[in-house]
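Chain and residue survey
What follows is the residue order along each chain.
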Amino acid sequence: MEHLTIASDNYVAFTFFIGTMAMMAASVFFFFEVGNTSQKWRTSLLVSGLITFIAAVHYYYMRGYNLETGDSPTFFRYVDWILTVPLMCVEFYLITKKAGAKVSLLWKLIFASVVMLITGYIGEVMDRDSSVMWGVLSGAAYFYIAYLVWFGEVAKLAQSAGPQVAKATKVLAWFVLVGWAIYPLGYILGTPGGLFGMTFVSSPEAGAAAMDVVYNIADAINKIGFGLVIYSLSRSED
Ligand SMILES: *C/C=C(C)/C=C/C=C(C)/C=C/C1=C(C)CCCC1(C)C
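Note that residues are indexed from 1 along each chain, following the sequence as it is written. The predicted nature of this model means local features are confined to residues of pLDDT at least 70 and side-chain atom pairs, given and counted, to a pLDDT of 80 or more, with totals for whole chains, interfaces and linings taken over all residues. Water and hydrogen atoms were dropped before computing side-chain values, which therefore reflect all heavy atoms in the structure.

With that out of the way, let us pick up the packing of helix α2 (residues 39-69) against helix α9 (residues 204-234). At their nearest, the axes of α2 and α9 sit 9 Å apart, and the two run at 160° to each other. With respect to α9, the axis of α2 lies roughly antiparallel. The crossing of α2 and α9 is left-handed. Packed against α2, whose contacting residues are W41, S44, L45, S48, I51, T52, A55 and Y59, the element α9 presents Y215, N216, D219, K223, I224, G227, I230, Y231, L233 and S234 at the interface. Taken together, the residues of the contact of α2 with α9 break down into ten nonpolar, six polar and two charged. In this analysis, axes come from line fits to C-alpha atoms, helices being fitted only over the stretch in contact, and the angle between any two N-to-C directions falls in the range 0 to 180 degrees. Strands here mean DSSP runs of E at least two residues long; helices mean DSSP runs of H or I at least four residues long; both are numbered from the N terminus. In these notes the angle categories are as follows: under 35 degrees is roughly parallel, over 145 is roughly antiparallel, 65 to 115 is roughly perpendicular, and the rest is oblique. Take the far helix as the reference: if the near one is turned anticlockwise from it by less than a right angle, the crossing is left-handed, and if turned clockwise, right-handed. Contact criterion: two residues are considered in contact whenever any of their non-hydrogen atoms come within 4.5 Å of each other. Polar here means any residue other than Ala, Val, Leu, Ile, Met, Phe, Trp, Tyr, Cys and Pro, which are nonpolar, and Asp, Glu, Lys and Arg, which are charged; Gly is therefore polar.

A separate point is the site of the ligand. One heavy atom suffices: a residue is near a molecule or strand as soon as one of its heavy atoms comes within 4 Å of it. Near the ligand you find 18 residues, and of these V85, M116, S138, Y183 and K223 are the closest. Burial of the ligand by the surrounding chains reaches 98%, relative to a free accessible area of 530 Å². Breaking the shell around the ligand down by element, the ones donating at least two residues are α3 (74-96), α4 (103-126), α5 (131-150), α8 (182-190) and α9. The element best represented in the shell around the ligand is α3, accounting for five residues. The residue makeup of the shell around the ligand, split by class, is eleven nonpolar, five polar and two charged. Residue-level accessible areas treat just the shown protein chains as cover; the underlying method is Shrake-Rupley with a 1.4 Å probe.

Dropping the structure here:
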C-alpha cells in the first residue's frame, strides 16, 4: 500500500487539509456556543454549525480523494454545496422571520441556489463545451439571490427587524456579493474556455489545481464567515 503524504509544494492538498481542520474547529465552536445562546438565536447558530459540519465531513473526504488520486473531487464538492448553500438561505429566512419572512421567500432563495449549482455542475462536468452558457445561467441565478438580499424582500424585511438584524443582513449581503463572487473565478480558471473562450492557465491540470485552491479559500471565508456573523448577531441586543 502506498504511503501518501502532502508535499510541501502541493497547495491543493494543503488547502484541503487546512479546510478540513478549519471547518471542524468552527463546527465545534458553533455547536458548543449554542448552549450559551439565548433561545431566540439558538436555531440560527445551530444552522451555522451544521453548515461547517457538513463541509467538514465533505472536506475530510475530498482531502483524501485528492491526495490519493490527484484529481478534483468535483462531484462531492457539489454535493457539499447543494446541502450547505440552501442552509445559508435558511439563515436569511430565520433572521428575518420575526419581521414576517414567509416560507415562500425561503423557497425562492433555495430554488435560485439549486438552479445556480445545477447549471454550474453541468457546465463544469457534463457539458463543458457549453461551459460559458451554463456559467451565464448560473450567474443569473446568483445575481437574483444577490438582488433579493441587497434590494429585494430579504433587505426590506431586515430593515423592519431592528437595527442589529439589519446590520447583520448587510454584512451577509456583502458576503454574497464579494465572497460568493470568488466561485465564478474558480470556475473560469478550471473550465477551459470558461470565460467566453478565454483560457488563463497553461494546462487543464493547472486549471483544475487553481480551481480547487480558489474554491477551498472561498469555502473557508464564506462558511465560517457567515457563521461568525450569525454568532455576533446572537450576542447583540435584539
Ligand atoms: C459553501 C458554499 C458556497 C457558499 C458556494 C457558493 C457557490 C457559488 C456562489 C457558485 C457560483 C457559480 C457561478 C455564479 C457561476 C459559475 C458556476 C458556479 C457554480 C461556480
